[in-house]
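Chain residues, written in single-letter form:
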Amino acid sequence: MKNDWFDSDCQKALEERHKARKIYLDRPTRNKYNEYQKKRQEANYICRRKERELWNKRIIEMENNFKENNLKSAYREVKYNRKGYVPTTNLLRNGEEIVSTP
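Residues numbered from 1 in each chain as written. Predicted model: local features only at pLDDT ≥ 70, side-chain atom pairs only at ≥ 80, totals over all residues. Heavy atoms only, no water.

Peer 1: So, the overall build of the protein chain: which residues are in play, and what are the values?
Peer 2: A count of helices and strands for the protein chain gives 3 helices and 2 strands. Counting from the amino terminus, helix and strand elements in the protein chain follow one another as α-α-α-β-β. Put simply, the protein chain has 102 residues, and 16% of those count as buried. Pairs at least 24 residues apart make up 40% of the contacts formed inside the protein chain by residues separated by at least 6 positions. Carbon and sulfur atoms make up 48% of the accessible area of the protein chain, which totals about 8800 Å². (Helix = DSSP H or I, 4+ residues; strand = E, 2+ residues; numbered from the N terminus. Buried < 20%, exposed > 50% of the residue type's maximum accessible area, 1.4 Å probe, protein only. Contact = heavy atoms within 4.5 Å. Areas by Shrake-Rupley, 256 points an atom, 1.4 Å probe, with all protein chains shown as cover.)

See the structure below:
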């Protein structure tokens, strides 16, 4: 569920921003800098909008789960949103010592 909001629109905007930055760094001019700033603002706007849409969708799902008395999935979503993304680890520990690594 990490970065579910990141899709092809965000990828395209970030690629355009990266290209504009490379062009600016090759030979810096005021026009190239302004173009880079414009692409940067567009990319930030698109990514923030996508993330906001995902959060609104999750909130609506949680509200619907509470209304329908589907409490298990509702509280699962609340727990995930409070903790955030937690990657899984494959380490085995014996006290403080790491026994094996993947």
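Peer 1: Can you lay out the state of the cysteines for me, pointing to particular residues and giving the numbers?
Peer 2: Throughout the structure, instances matching the rule amount to 0 disulfides. Among the cysteines around Cys10, which has no disulfide bond, Cys47 carries the closest sulfur, lying 3.6 Å off. You can call Cys47 buried: its relative accessible area is 12%. (Disulfide = S-S within 2.5 Å.)

Peer 1: Please provide a residue-by-residue account of the packing of aromatic side chains, values included.
Peer 2: Across all of its chains, the model carries 4 aromatic pairs by this definition. Plain terms: the ring middles of Trp5 and Phe6 are 5.9 Å apart, the flat faces sit at 70° to each other, and that makes the pair edge-to-face. Centroid distance Tyr24 to Tyr36: 6.4 Å. Interplanar angle 5°. Geometry classified as stacked. Of this pair, Tyr24 sits in helix 1 (residues 8–26) while Tyr36 sits in helix 2 (residues 30–67), and the two are 12 residues apart along the sequence. Exposure remark for Tyr36: the relative accessible area of 15% places this residue in the buried category. Here the aromatic cluster, defined as three or more aromatic residues joined through ring pairs, consists of Tyr24, Tyr33 and Tyr36. The ring of Trp55 carries the charged tip of Arg58 above its face, separated from the ring centre by 5.6 Å. (Phe/Tyr/Trp six-rings, centres within 6.5 Å; stacked < 30°, edge-to-face > 60°. Lys NZ or Arg CZ within 6 Å of the ring centre and 35° of its normal.)

Peer 1: Describe the packing of helix 2 against helix 3 (residues 71–83), and please don't skip the residues or the numbers.
Peer 2: The contact between helix 2 and helix 3 brings their axes to 8 Å, and the two run at 145°. Handedness of the helix 2/helix 3 crossing: left-handed. Residues Trp55, Arg58, Met62, Asn65 and Phe66 of helix 2 lie in contact with helix 3, whose contacting residues are Leu71, Ser73, Ala74, Tyr75, Glu77, Val78, Tyr80 and Asn81. The residue makeup of the contact of helix 2 with helix 3, split by class, is 8 nonpolar, 3 polar and 2 charged. (Axes fitted to C-alpha atoms, helices over the stretch in contact; angles between N-to-C directions. Left-handed = near helix turned anticlockwise from the far one by under 90°. Nonpolar A, V, L, I, M, F, W, Y, C, P; charged D, E, K, R; others polar.)

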